[in-house]
Structure formats: C-alpha cells, structure tokens
Amino acid sequence: MNTREPDHLNLLCDMGELTTIVTGNSDIETFLASSAALVAQHLKAHVCSIYLFEAMENRLVLRATQGLNPKAVNTVTMKPGEGLVGVCFEKSTIIREGNATQNPVFKYFDNAGEDPFNSFLCVPICSGIEKIGVLVVQHRELDHFTLFDERALRTAMTQLAGAIENARFLMELGPDKTSGPQPGLPPFIKGEPAGTGSAEGQILFPNQNRKSLLYGPDPSPSLYTKADFTAAIERTSEELKSLQERFARRLPESASLIFTAHFMILKDKNFTGRMKQLMDEGQGPISAVKEVAQKYIDLFSCSPHAYMQEKAVDVEDLTIRILANFQDPATRRKAGKGSIAVATEIYPSDILKLVADGIKGIILVGGGVTSHVTILSRSLQIPLIIADDPRLLDLPPETRLLVDATQGNIYFNPDPDTLALFKTKHQTEKQIKTQAMAEQTFSRDKQKVTLLANINLLSEIHLAKALKAEGVGLYRTEFPFLIRTGFPSEAEQYLIYKQLFEQMDGALTTVRTLDAGGEKNLSYSGFTKEANPELGLRSIRFSLKHREVFETQIRAILRAAQDKDNIRLMFPLISSIDEFMDARQIVSDCSQNLDLEGIGHNKHLKIGMMIELPAVLSTIDEFAEMADFFAIGTNDFVQYMTCADRTNKLVADYYIPYHPAVNSGIETIVKAAIRHGIDVSVCGEMAHDPDHIPFLLGVGIRTLSVDPQFLPSVQKIITALSMEEATAYSKTMLAQTRVRAAAQILKTRP
Ligand code: PEP
Ligand code: MG
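Note that the structure is predicted; figures quoted are calculated from it, not measured. (Residues numbered from 1 in each chain as written. Chains lettered and ligands numbered in written order. Predicted model: local features only at pLDDT ≥ 70, side-chain atom pairs only at ≥ 80, totals over all residues. Heavy atoms only, no water.)

Participant: I keep staring at the overall build of the protein and nothing clicks. Help me out?
Facilitator: In terms of helices and strands, the protein carries 26 helices and 23 strands. Expressed as a percentage of its 750 residues, the buried residues of the protein come to 53%. The long-range share in the protein, meaning contacts at least 24 apart out of those at least 6 apart in sequence, stands at 67%. Surface accessibility of the protein: about 33200 Å² in total, with carbon and sulfur atoms responsible for 53%. (Helix = DSSP H or I, 4+ residues; strand = E, 2+ residues; numbered from the N terminus. Buried < 20%, exposed > 50% of the residue type's maximum accessible area, 1.4 Å probe, protein only. Contact = heavy atoms within 4.5 Å. Areas by Shrake-Rupley, 256 points an atom, 1.4 Å probe, with all protein chains shown as cover.)

Participant: Hey, could you run me through the coordination of the magnesium ion (ligand 2) in this one?
Facilitator: Around a metal, the idealised angle for a tetrahedral arrangement of four donor atoms is 109.5 degrees; for an octahedral arrangement of six donor atoms it is 90 or 180 degrees. Looking at the magnesium ion (ligand 2), one finds its protein donor set to be E612 (OE) and D636 (OD), positioned 2.0 Å from the metal centre. Of the two residues, E612 is situated in the loop between β20 (606-611) and α20 (620-626) and D636 in helix α21 (residues 634-642); the sequence distance between them amounts to 24 residues. Here E612 falls in the buried class, since its relative accessible area comes to 2%. Its relative accessible area of 2% is what places D636 among the buried residues. (Donors = N, O, S within 2.8 Å, 3.2 Å for Na, K, Ca; no water.)

Participant: Where do I start with the side chain of H601 in this structure?
Facilitator: Mapping H601 onto the fold places it in the loop between α19 (577-596) and β20. For H601, a relative accessible area of 9% gives the class buried. Among the polar contacts made by the side chain of H601, one reaches the side chain of S591 at a distance of 2.8 Å. A distance of 3.0 Å separates a polar atom in the side chain of H601 from the backbone oxygen of I599. The residues touching H601, leaving out its near neighbours within four places in the chain, are L558, R559, Q562, S591, L594 and D595. (Polar contact = N/O pair within 3.5 Å; in protein donor to acceptor, adjacent residues only side chain to side chain.)

Participant: Could you clarify how one ought to interpret empty space enclosed by the protein in this entry?
Facilitator: Rolled over the atoms, a probe with the dimensions of a water molecule shows which regions are left empty. Within this structure, the stated rule accounts for five cavities of 30 Å³ or more. Estimated volume of the second largest cavity: approximately 80 Å³. The wall of the second largest cavity is formed by 13 residues, among which R476, R512, E612, N635 and R646 lie closest to the centre. Classifying every residue of the lining of the second largest cavity by side-chain character gives two nonpolar, four polar and seven charged. (1 Å grid on protein atoms, 1.4 Å probe; cavity = no way out; pocket = protein on both sides within 12 Å on 5 of 7 lines; lining within 4 Å. Points joined across faces, edges and corners; volume = space filled by probe spheres on them. Nonpolar A, V, L, I, M, F, W, Y, C, P; charged D, E, K, R; others polar.)

Participant: Would you mind showing me how to read the sheet that holds strand β14 (residues 409-412) here?
Facilitator: Hydrogen bonding along the main chain pairs the strands of a sheet, whether they run parallel or antiparallel. With mixed pairing, eight strands are arranged side by side in an open sheet as β7-β14-β13-β9-β10-β11-β12-β8. Two strands lie at the open edges of the sheet, namely β7 (188-190) and β8 (192-193), each paired on one side alone. Pairing analysis gives five bridges linking strand β9 (residues 198-204) to strand β13 (residues 400-404), with the strands arranged antiparallel. Of the residues in β13, the one forming a bridge with Q202 is R400. (Pairing = 2+ DSSP bridges.)

Participant: Looking at this structure, I do not really get the packing of aromatic side chains. What am I missing?
Facilitator: For any pair of aromatic rings, the description consists of the separation of the ring centres together with the inter-plane angle of the planes. Enumeration over the complete set of coordinates arrives at eight aromatic pairs. Ring geometry for F53 against F89: centres 4.6 Å apart, planes inclined by 35 degrees, an arrangement best described as tilted. With F53 in strand β1 (residues 47-54) and F89 in helix α3 (residues 83-91), the pair connects residues that are 36 residues apart, well separated along the chain. With relative accessibility at 4%, the residue F89 sits in the buried group. (Phe/Tyr/Trp six-rings, centres within 6.5 Å; stacked < 30°, edge-to-face > 60°.)

This is how it looks when you write it as structure tokens:
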C-alpha cells in the first residue's frame, strides 16, 4: 500500500492558474491536455484522462489524456453507466480501485492502450448539479492511489469544473458553428414529442423575423411611396380575409373571431388616417406606419385592463403584416407557408396564426408547453416538438428541418433516404388512421367496451365519426375561449355547441364546462398571477367565482341542446359535494331564467362530474348518489395524487399513472359508480395508453374516451384482450404497495 502524501497545496495552486488560462485565449484542447498533465504529475500517475459528457449523444468522450494512446482522444466513448468511468459519471461517485481489472464493471477499450494499468482513481467533474464529465488517473502498480489522493483530486476538480464546463461549451459550439451552416451538428437531435406525425420544411423564426420588421431600422424614406402604402393596406386586408376564410373551414369555432380586432383597427380612420397625414408632412411610409402603430401599442399596453393589453399584441401583429405587405407578394416568400417554425414561447392563439399562415410543424426551444398547446397541435395535426437545445435558434435561414413528433426527433437538412423513409411512414400512418373499424368494440371474450372521442375542435368530429366513435366522452369547451382575445358571447357559444350537437346527431355527447385557469390562462380575463396556478383559481372554481361567465356558457349549452337527446353536462375539478351542488344549482337557475324569458332549452340534461381530485375519494358514494355519471380525468387525477405537475419535466419521474395510490383511487371510483348504477368513463391520456388499458378494463371500466386518432389502436388492443386476464392482472396490480413493485407488474400486463 502506498502511504505517500501528495502536495495538495501545489496541486490546488496550479489548478487555480489553469482556470485563469482558460478564461484567456488559450486553446481548449491545450487547456484540457495541460490539466491532465498537471494532475498526472502531482499524483505521480502514469495516466490521467479527461472524459466530457455530450448530452446530445448521451455519451462520455475521451477529450484529453496523458499516458494513453493520443489517437484515442475523441474516439473512445462510453455511455453513462458503462465501465468504471461510466458508473463514476452516472452515480456521481468517486471510484478508487487497487486492482481495477478485477472489478467486474471494468471495461477494456482496445484502442486506448490501457491494459498495463492496475490502480484506478476516477472522480466526477460536476458544476453545481450539472454533471460535466469524469477525470481518471491510473498507475501500473497495484494499490497506488490513497485516500489523500482521492480528497486532493476531489477538491481540485471543484476548482476546475467551471473552467472545464466553459471549455466543453466552446468545444460543442466549435469555431465554425457561430455562423453559416453547421457541419458539426449531428444528423438529428432528440426533443420531447408533444404531438404526432411528421413534417419537413424550411426553418422559420416567426417572432424574430417578423418583429424585426417593426422594431428593426427603417429603410430609406424614398424606398416606398404613398401608393405602396395604399397597396400594402389593401393586401393586408385581403390577406386577413383569406385567412379568415381558411379558419372558417378548419376551425368553425373561431371563424370570425380571431382577426376581428385586426379588421377594426385597420378600418379605424385614426389609424391609417394619421399614417397618411404623417406621409403628407413628408415622413417616409414605413416610418409613418411604425410611429402610429407604436402609439397604439403603448396606449393599449398601459391599460389596466388585461383584455385591452391583449389589443397591443393585435396591433403589433397587424402592423407587421402591413409592413411585410409593402413588398410585392410575387417576390416575398409567403410568411410561414410550408415552413417549420422554431420559437421560444408559444400560446394557443399563436398556433392558430401559424397554422393559418401554412406552417407545417413547430419546434419549441426551451420553455414549457401547456398541455393545451399540446392538445391543440394534436387536434390540428401539426407536429410539435419541445427541444431544449439553443443551437436551434442559431440555424441559418436556409436550413431544412424534418420533425418527427412521434419520436421527438429533429433532423437537420435530411438526406433523400431519410425523406423517403418518412414519406412511406406517413402513408402507412394515414392508412392505419383510415382503416376500417368495427362499429362496436368487444374484448376477446366478447365483453362490450364503449369507445368515445375527446373533441377539442369541431373539425375533429369528422374523424371521430369516420373512426366509429360511439359518441363524445369529453368536449373541452375551453378551446373557443383559449383561441380568442375576449370572452365569447352567449350567441357565439350557442352556435358552436349547436354545431357540435347537430353533427353528433343524437349520439352521446358530453360537454364539459369551462376548464380555464391554471396553465390554461385566458390572458384577457384579468387573471392575477398566482404562485401555484395548478392549485389556484382554475376550472370550476373560476366558473363559480365568475358567475356571469359561467351562466353565459350554461345558457348557451342549454339552448343549443333544445330538442336534442343524449347530451350530458359535466363540471371539471370538483373538490367537494357542496361545490357540485352549487354548480348544479346554477344550471337550474339558468334554466328557470330561460323559462321566464320564454327561451326554449333542454331541461333534462344529465349532469355529471369529472373526477380529478383525490379529495372526492372519501365521500365518493355521496357523489355517486348525486351525480348522473363520473368521468375520470386521469391527467389531473395522477397530477394531484402524486403531486407532480403534469407539464414539468423536472418531476416527470414522479408523475406515475400506475402509482399504488392512483390504482386504488381508480378502483374506489369505479366500485362506487357500479354500486350506484351510474356510468363511469376514463377520458385522460391513460385511456389510450396500451400500458394502462388492461388495468382500467380489469378494474371495471367499460367506457374509454380518447382523441380520435387513437380510436383504431385502442380498439385493436381491446379486441386482443381477455377481460378475465385483465381482471386478474388488475387484482395483482392493486395488491402492490410499492411503486417499483407496481412497475414490475406493469411489465407483465396482458
Ligand atoms: C384530465 O385531467 O384527465 C382531463 C381529461 O382534463 P384536461 O386534460 O383537459 O385537464
Ligand atoms: Mg383535467
């Protein structure tokens, strides 16, 4: 055993010097090589190597070495967890071995030339909670490194980590990656899929490109004339009209709504009139447009009312359209058409505008995405990927991107083979979607399961019917609210619900009242920022607080449902019996008032509730006596059971749909519903997930409500499943008290 004590102080002082070198202009490879040499020298090691982690490729790469074959640099790689180096990295733990080759985890790399080294000391390099890489020292003799070496190295690494992190960043960026095409980019990167399908097109930075028109420098005043201004206004008006027509076809619920403010402002004589006046006084047209627009933007932004502040965004959008229309449409690349939009933040109304502009796919860089942005993009069949990679924002404008939102992959300038592969995949998916479905769904042992559709946009009804949905298990009424810049009136809502009921033509249709608040913030409603919006004034709580909004909606639903059968109404996020009764009372008050006003409506709607909160479990029997039906919203039920925000990646591992508490909660709900003879369905994402369908059916669920595109796959799963097997499986699952044990059982699902 070696008992030598290294000179800690010297090592630390030298390391300190190195960190100052890297902040100067020294080249990065030299910096890492010098660090390795210095450590080797101080610890009298034969080898010192530095491995850095590449998150994109999920691998450790040998970046510098003193003592191993120099050709191994940049070629020796390993996955986290692979070999002693990989384990040291993955577990963030120091590994000291007197005879490393005897350790079963030791991995020999042929091209590194490391076999004669017995002693091994490996230290993780971390900056804060960020894992950066690993430093390894090796020695030919057995038991060379001591606890002192271990401590010295650990201290030195904390000092060096910041500098190495910078080096790693610069290496990833590379000298040629700051502009122009990026040869160093991998063929594809992985993001998180938030929608389905795939699309290919040229990159577009909607905000960046568009906003520079308004906020960038003015062109020479003589470049455009007053006639160009008049033409730009006319083109803008035409553009808005045609966008609106396209909307009307694709999104009937927002047809006349989304550009109403734009039209009003465009027609406002003060707006264009003042611009003309400035031009008459000698100002250039672009500068005149900008000046007047800016005044409007400032005015609206200063308003204390949220809905007025929203108008500032409308003026901005309108002005950018006007400025873009100064260019002749023949020479102008149609904003968005056929492109893949890359943005840092996105709201539901942005998605609509992008889709109206002909965008084919969306990449959201960093930032969270609300589940409604995800749901909306899915409903509109626009592939959406969330990728936390800032390099996406620096891609040159000619870059072509292929987004595969099923896998979450983003391909850069895809080659013809990749494109051909996706074309075939696309066609196969289309065929699966439109494959002939059985009218009704039965398990292998002939038990009936009712498949309903979740509808977010009216345009989805067509697909739901084509795929033989037996009705609508959840109509999310918040979408007409979310995609607008003001509350829809009773008349507007009436038209939307009427279309829904007419198109469903007597099939079971379940309408959920407004589920606003939380992450589905209606920016125009004057929401106060809440510290914990998911625990705040959301959903039915919002409706009960803003009775006028709630009553407007209930009246519209009751009126539209007149003379229609099979329509059900339900409240989201019910937390107590009192709350359910209050909400139901408002429905009967609305009905009475409509009677007094002599307005026809439906007085016999079934009234049910969504089960999304653990708080209802202890009184579930009383709920089952009061409610006409239950719909289990597993998205929220899992969120509140496990206390894990459904949109927060950081706690995704805690969001466990098969958590023992979730399992037993679902069983409690189903049993109560069966005892009281009321319908119970599941309408959260679990309902289409092959992992969870066997449990749900096994526990007694016989109605699933899913997004229309999932209907074929869900029917296929059920047809192959025996209820007897599913019941036995769910019993085993319910017997588990531990998450890990439940995860093991999940692997045995039928
Ligand atoms: C749910 O919570 O499972 C649900 C269906 O509602 P939403 O996803 O709209 O919150
Ligand atoms: Mg919910």
